[in-house]
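Here is how the chains run, residue by residue.
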Amino acid sequence: MIKIIADNKIPFLEGVLEPFADITYLAGAQTDALTIKDAQALITRTRTKCNQDTLADSQVKMIATATIGFDHIDTKNCEKHHIMWTNAPGCNSGSVKQYVASTLATIANRLSIDLKNKTIGVVGVGNVGSKVADFAQAIGMKVLLNDPPRAEKEGAEHFVELDELIEKSDVITFHVPLQREGKYKTYHLGDKKLFTKCKKEVIIINSSRGEVINNNDLLEALKNEEIGQTVLDVWENEPNMDLNLLDKSLIATPHIAGYSADGKANGTSMSVQAISKHFDLPLKNWYPDNIPAPEQPHIVIDAEGLSEQEVWIKAVLHTYSIMEDDKRFRDQPETFEFLRGSYPIRREFQAYQIFLKNGSFELKETLNKIGFGTVKLV
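Heads up: these notes are all about the structure in this document.

Calculation rules
Residues numbered from 1 in each chain as written. Predicted model: local features only at pLDDT ≥ 70, side-chain atom pairs only at ≥ 80, totals over all residues. Heavy atoms only, no water. Helix = DSSP H or I, 4+ residues; strand = E, 2+ residues; numbered from the N terminus. Buried < 20%, exposed > 50% of the residue type's maximum accessible area, 1.4 Å probe, protein only. Contact = heavy atoms within 4.5 Å. Axes fitted to C-alpha atoms, helices over the stretch in contact; angles between N-to-C directions. Parallel < 35°, antiparallel > 145°, perpendicular 65-115°, else oblique. Left-handed = near helix turned anticlockwise from the far one by under 90°. Nonpolar A, V, L, I, M, F, W, Y, C, P; charged D, E, K, R; others polar. Phe/Tyr/Trp six-rings, centres within 6.5 Å; stacked < 30°, edge-to-face > 60°. Lys NZ or Arg CZ within 6 Å of the ring centre and 35° of its normal. Pairing = 2+ DSSP bridges. Core = buried A, V, L, I, M, F, W, Y, C linked by side-chain atoms within 4.5 Å. Expected span 1.5 Å × (residues − 1). Salt bridge = Lys/Arg side-chain N within 4 Å of Asp/Glu carboxyl O.

Some remarks on the overall build of the protein chain
Right, on to step 1. The secondary structure content of the protein chain amounts to 14 helices and 14 strands.
Right, on to step 2. C-alpha atoms of the protein chain, sized along the principal axes, occupy 65 × 50 × 45 Å.
Right, on to step 3. For the protein chain, buried positions account for 53% of its 378 residues.
Right, on to step 4. Considering only contacts within the protein chain whose residues lie at least 6 apart along the sequence, 62% involve residues at least 24 apart.

Here you go:
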């Protein structure tokens, strides 16, 4: 049997590999050079640093991270020592889309904004950014896309330069990987220079990586009223975020945008499948069959007298009220890691059915485009 060390916060994993591997579950902070010394594989999250210091004297041949991001893995060191690694690209894209949707719904309510024909700039148009852009288009927003690697590869026709996006956008949302150097560097992409070019009332959303935005510059821009509002799920120096920035943020959450049950199930299954393919285990097509159903999977909305925006806001907030996460976080910001590790079940749009009274076919189509499982006119 191969020996595997797995993060004990990875959901749906316990009991799956036990018939075929000797598996030990540890907290991310306990996964170090000593504990992994005799292991052949790791199943990790972002809190485990897989670098030279951790891997130097180990027998590890395979690392699978159940996350989109892989900046916690020293990929060059892995390649040098012939250690295979995989991440889970796109696993939580639907979850982050739902997070941004709930953000926009909440902002529209709290600030009395009609989002139709407002412009949203999506910085980074990969698995996540593409779904966010699709949602924004479904609700009638104008969408600007910035993704230099894609523009270079595919042509610039569907993309704009970052300066144009900044100048024209009412909302800017970041969905880039963290690149600390190189041609497509994203470290501190959001900085003082960027904020001075924004519209004065712009809303900045970051659910990618904390270091993509210079948090000191962001705080100064908010204090000086150079920008309107900010919504942050990720922070520099997590879990020790700047509490002044927390206070200044319109919505603040503890790095849970991608934490839907569906996103977690996707990430876990991709890791199990990758380990299985590498070590020839009989779980190459495994997917969890025990994802809890939503408490209230049926959404009944009477559309009479409501605008399209009011209808989709009701539907989105039924699935996920972001302000509940905001309140838990503000009440006890020092429990950052606990809030992540004990995050409640959240199901994505496809797990819900909508029963729409007095609704039009066009409204039904909008809700379908948002991604709800079934929309019925009743």
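Digging into the packing of helix α3 (residues 93–111) against helix α4 (residues 127–138)
Right, on to step 1. Relative orientation of the contacting elements α3 and α4 amounts to 40 degrees, with a least axis distance of 8 Å. By the criterion of interaxial angle, the relationship of α3 to α4 is oblique. The element α3 and its partner α4 pack so that their crossing is right-handed. Contacts from S93, G94, V96, K97, V100, A101 and L104 in α3 reach N127, V128, K131, V132 and F135 in α4.
Right, on to step 2. Each residue belonging to the contact of α3 with α4 can be placed in one class, and the counts come to seven nonpolar, three polar and two charged.

A short note on the packing of aromatic side chains
Right, on to step 1. Inspection of every chain in the model, using the stated rule, returns seven aromatic pairs.
Right, on to step 2. Taking 5.6 Å as the distance between ring centres and 85 degrees as the angle between the ring planes, the aromatic pair formed by F135 and W312 counts as edge-to-face. Highlighted residues: F135 in helix α4 and W312 in helix α11 (residues 308–319), separated in sequence by 177 residues.
Right, on to step 3. Ring pairing ties together the aromatic residues W235, F329 and F336, which thus form one cluster.
Right, on to step 4. In this structure, R346 is placed above the aromatic ring of Y320, and the distance from its NZ or CZ to the ring centre is 4.1 Å.

Details of the sheet that holds strand β7 (residues 142–146)
Whenever strands of a sheet pair, they do so through backbone hydrogen bonds, lying parallel or antiparallel.
Right, on to step 1. A sheet is described by the order of its strands in space; here six strands give the open sequence β7-β6-β8-β9-β10-β11, paired in parallel fashion. Each edge of the open sheet carries a strand with a single partner, namely β7 and β11 (251–252).
Right, on to step 2. For strand β10 (residues 229–232) and β11, the ladder comprises two bridges, and the chain directions are parallel. Looking across to β11, one finds that L232 is bridged to A252.

As for the nonpolar core
Right, on to step 1. Among the nonpolar cores identified, the biggest contains 52 residues, and L104, W312, L367, I370 and F372 are the most heavily contacted of them.
Right, on to step 2. Looking at this core, the elements with two or more residues in it are α3, β6 (119–123), α4, β9 (203–206), β12 (298–302), α11, β13 (353–357) and α14 (361–370).
Right, on to step 3. In terms of residues, this core owes the most to one element, α3, which gives eight residues.
Right, on to step 4. Listed in part, the 31 residues of the second largest apolar core include F174, I213, L222 and I227.

Structural notes on unusual backbone geometry
Right, on to step 1. For the bond from E238 to P239, the omega torsion is 0 degrees, close enough to zero to count as cis.
Right, on to step 2. Inspection of the secondary structure puts P239 in the loop between β10 and α9 (243–248).
Right, on to step 3. Notably, H255 is not glycine yet its phi reads approximately 60 degrees, a positive angle.
Right, on to step 4. Along the chain, H255 turns up in the loop between β11 and α10 (261–279).
Right, on to step 5. On the accessibility criterion, H255 (12% relative accessible area) is buried.
Right, on to step 6. Phi angles above zero are rare outside glycine, and N358 is one such case at about 50 degrees.
Right, on to step 7. If you trace the backbone, N358 turns up in the loop between β13 and α14.

Quick word on the packing of α11 against α14
Right, on to step 1. The N-to-C vectors of α11 and α14 enclose an angle of 40 degrees; their axes lie 11 Å apart at closest approach. For the element pair α11 / α14, the angle class is oblique. For α11 against α14, the interelement crossing comes out right-handed. Judged by residue contacts, E308, V311, W312 and A315 of α11 engage L363, T366, L367 and I370 from α14.

Re the sheet that holds strand β3 (residues 41–44)
Right, on to step 1. With respect to topology, five strands assemble into an open sheet ordered β2-β1-β3-β4-β5, the strand pairing being parallel. Strands at the two margins of the open sheet, each flanked by one partner only, are β2 (21–26) and β5 (84–86). Within this sheet the neighbouring strands show an average axis-to-axis angle of 15 degrees, counted without direction.
Right, on to step 2. When β3 meets strand β4 (residues 62–65), the two strands line up parallel, connected through four bridges. Residue pairing across strands places T44 opposite T65, the latter belonging to β4.
Right, on to step 3. Against the sheet, α10 touches β1 (2–7), β3, β4 and β5, its axis set at about 165 degrees to β4.

Topic: α11
In an α-helix, one turn spans 3.6 residues, which is why side chains three or four residues apart end up on the same side.
Right, on to step 1. The first and last C-alpha atoms of α11 sit 17 Å apart over 12 residues, in line with the 16 Å expected at 1.5 Å per residue.
Right, on to step 2. Within α11, burial applies to Q309, V311, W312, I313, A315, V316 and T319.
Right, on to step 3. Packing partners of the buried residues in α11 comprise α3, α4, β12, β13 and α14.

A closer look at the side chain of S207
Right, on to step 1. One can find S207 in the loop between β9 and α8 (215–223).
Right, on to step 2. Other than its neighbours up to four places away in sequence, S207 contacts V96, Y99, F174, H175, D233, V234 and A257.

Observations concerning the pattern of salt bridges
Where side chains of opposite charge bring their charged atoms close, a pairing between them can arise.
Right, on to step 1. Applying the stated criterion across every chain yields a total of 16 salt bridges.
Right, on to step 2. Between R150 and E154 there is a salt bridge, with the nearest N and O atoms lying 2.8 Å from each other. Here the residue R150 and the residue E154 both occupy positions in helix α5 (residues 148–154), the gap between them amounting to four residues, near one helical turn.
Right, on to step 3. With relative accessibility at 28%, the residue R150 sits in the partly exposed group.
Right, on to step 4. Where D331 meets K327, a salt bridge forms, and the shortest distance between an N and an O atom there is 2.8 Å. With D331 and K327 both in helix α12 (residues 322–331) and four residues apart, the pair spans about one turn of that helix.
Right, on to step 5. The exposure class assigned to K327 is exposed, which follows from its relative accessible area of 52%.
Right, on to step 6. Via salt bridges that share partners, R47, E238, E337 and R340 belong to a single interconnected network.

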